[in-house]
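# Tertiary structure, described
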Amino acid sequence: MPDYQLTCSSTVDLSLAQLAEYSIAYLPFHFQLNETQYVDDFGQSMTYSEFYTAIKHGAMPTTSQNNPAAYCEFFIPFLKAGKDILHIAFSSGLSGDYQSACMAKELLKEQFPDRSIEIIDSLAASSGYGLLLLEVAKQKQQGASLNETVVFALKTRLHIQHWFFSTDLSHYKRGGRISATTAAIGGALHICPIMMMDAKGMLTPHHKVRGKKKAIRALCEQFQIHVQDLDNIPHCFISHSDCLDDALALKTQLTSTFPELRDHITIFSIGTVIGSHTGPGTVALFFKGDVRH
């Protein structure tokens, strides 16, 4: 049975050590800050602290996705080495990354007729995308074939719950995720929209609460609602954009309600591409639960 390479984009918001542990290759996005182009490489070219400090000082970063040519260049070494490819792509509801990977697949068919390239739309973002990727990687590590792993990824992707809030709505307004009115009222009255990822992989406002403490409790409530088996607590990922104290407060709230979670929560920084669109102040909770709608 031919070997296959698991790949992703840099928007998984995991650690480089985790990608190395499962031999996952990534194709970096790019972002521009103060007229300088940077690689989204998990904080190597620019630390997360430097990135968010620049935003707080007025910088407005922009991002660029990879085109089909970049994907061809990324895929070709694996294909030449005789490997098939399973690429888990950033959500098509947020980016054209998935379409670029699919176009590259079509371009490479004639050159590598004996190789298979499978492209899966994760319908996920940030460490939720990362959580799905690691679930898939574990299947591969346990000996699942390419086809078996594809089936698993498609079956699992909508079970990855995404719930988040932000104390700074200006970047969500800039990106069209919320209305200018919602952002203005939210800022004045300390209202935090609770947002989620829907079944199309798009960010969707769910409901509103007033104040950070209520927002943290709201995320914990969604965990309780959507986890299918409270006797078999899943691993949770929390990610944050330069607000570690809020992420730790969410972890404390979760572990006080569900003591079994104490050793099953990992905290990550939101990377530079996702962070370009959230700005500072976002806290997100990801876990495997029931199916997103």
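From a predicted model like this one, the values you see are computed outputs, not experimental measurements. (Residues numbered from 1 in each chain as written. Predicted model: local features only at pLDDT ≥ 70, side-chain atom pairs only at ≥ 80, totals over all residues. Heavy atoms only, no water.)

Moving on, we get to the environment of Phe164. Note on placement: Phe164 falls in strand β8 (residues 160-166). For Phe164, a relative accessible area of 6% translates into the label buried. Each C-alpha atom of the pair Phe164 and Met196 lies 6.4 Å from the other, and the pair is 32 residues apart in sequence. (Helix = DSSP H or I, 4+ residues; strand = E, 2+ residues; numbered from the N terminus. Buried < 20%, exposed > 50% of the residue type's maximum accessible area, 1.4 Å probe, protein only.)

This part covers the layout of surface pockets. Of the volumes computed, that of the largest pocket is approximately 370 Å³. Lining the largest pocket are 24 residues, with Phe90, Leu94, Leu203, Ile274 and His277 sitting closest to its centre. Contributing elements (two or more residues each) for the lining of the largest pocket: β5 (62-64), β8, α11 (272-278) and β13 (282-288). Sorting elements by how many residues they give to the lining of the largest pocket places α11 first, with four residues. Looking at the second largest pocket, its volume works out to about 240 Å³. For the second largest pocket, the full set of lining residues is Gln18, Tyr22, Leu131, Leu134, Glu135, Lys138, Pro234, His235, Phe237, Thr266 and Lys288. Per-element tally for the lining of the second largest pocket: the top contributor is helix α5 (residues 126-141), with four residues. A per-class count over the lining of the second largest pocket returns five nonpolar, three polar and three charged. (1 Å grid on protein atoms, 1.4 Å probe; cavity = no way out; pocket = protein on both sides within 12 Å on 5 of 7 lines; lining within 4 Å. Points joined across faces, edges and corners; volume = space filled by probe spheres on them. Nonpolar A, V, L, I, M, F, W, Y, C, P; charged D, E, K, R; others polar.)

Spatially, six strands are ordered β10-β9-β8-β13-β11-β12 in an open sheet, and the strand pairing comes out mixed. Strands at the two margins of the open sheet, each flanked by one partner only, are β10 (203-210) and β12 (265-269). Geometrically, the sheet is characterised by an average inter-axis angle of 20 degrees between neighbouring strands, direction not taken into account. Bridging between strand β9 (residues 191-197) and β10 involves seven bridges; their strand directions are antiparallel. What sits directly across from Pro193, in β10, is Lys208. Sheet strands in contact with helix α9 (residues 212-226) are β8, β9, β10, β11 (236-240) and β13, and its direction is about 170 degrees off that of β8. (Pairing = 2+ DSSP bridges. Axes fitted to C-alpha atoms, helices over the stretch in contact; angles between N-to-C directions. Contact = heavy atoms within 4.5 Å.)

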